[in-house]
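Residues per chain are reported as follows:
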Amino acid sequence: MKSIDILSFNTVADCGNGYDLEMKNPYGDSLGFSLKIIGKHSDSVVNWVNSIVNKATVDAEIARRKGKPEASKTMQELRAQNIEGAMVRVIGWDGIEQKFDKAILKTAIENNPHWIDQIIEASDDLGNFTKPQ
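Predicted, not measured: the structure shown is a model, and the values here were computed from it.

1. Topic: the environment of Glu77
Next up, step 1: Among the secondary structure elements, Glu77 is positioned in helix H3 (residues 75-87).
Next up, step 2: Taking the C-alpha atoms as reference points, Glu77 and Ser8, separated by 69 residues in sequence, lie 41 Å from one another.

2. Observations concerning the nonpolar core
Next up, step 1: Met23, Leu35, Ile37, Ile109 and Ile119 are the most contacted members of the largest nonpolar core, which has 18 residues in total.
Next up, step 2: For this core, the secondary-structure elements that each account for two or more residues are strand E1 (19-24), strand E2 (30-37), H3, strand E3 (90-94), helix H4 (102-111) and helix H5 (114-124).
Next up, step 3: The biggest single contributor to this core is H5, with 4 residues.
Next up, step 4: In contact with Leu35, other than residues within four places in its own chain, are Tyr19, Asp20, Leu21, Met23, Val90, Gly92, Trp93, Ile96 and Ile119.

3. Considering the packing of H3 against H5
Next up, step 1: Direction vectors running N to C along H3 and H5 enclose 50°, while the axes themselves pass 9 Å from each other. Judged on the interaxial angle alone, H5 and H3 are oblique. Read as a crossing pair, H3 and H5 show a hand that is left-handed. On H5, the residues touching Asn82, Ile83 and Ala86 of H3 are Ile116, Ile119 and Ile120.

Rules behind the numbers
- Residues numbered from 1 in each chain as written.
- Predicted model: local features only at pLDDT ≥ 70, side-chain atom pairs only at ≥ 80, totals over all residues.
- Heavy atoms only, no water.
- Helix = DSSP H or I, 4+ residues; strand = E, 2+ residues; numbered from the N terminus.
- Core = buried A, V, L, I, M, F, W, Y, C linked by side-chain atoms within 4.5 Å.
- Buried < 20%, exposed > 50% of the residue type's maximum accessible area, 1.4 Å probe, protein only.
- Contact = heavy atoms within 4.5 Å.
- Axes fitted to C-alpha atoms, helices over the stretch in contact; angles between N-to-C directions.
- Parallel < 35°, antiparallel > 145°, perpendicular 65-115°, else oblique.
- Left-handed = near helix turned anticlockwise from the far one by under 90°.

If you want it as structure tokens, here you go:
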């Protein structure tokens, strides 16, 4: 058996390289463009998730200290968080006439919420970012 350098494996770095996700309509047909997404273990995604969890922890502790129940998020807040979670994973696009712009991306995702699932599922699939050794 050959020996392997264990430090040659770096999923965090691989997740930051990006993956071209061909976008599809609700029926599974290609829309003719792709979004470049980063993986769930990339620094940007991990930092975003940490900020969400940290805020929830602080909010829960404040409520506990005041003796009040923890506030639930509204559907609007949850939808905004899902959009933000998809947006943090997109770092570019190909096949779109506009130059990559987060404001345009946000509008497009708001208009096509089914894209959120596509983006997050592809970001969670580590096979999209790592190469066999």
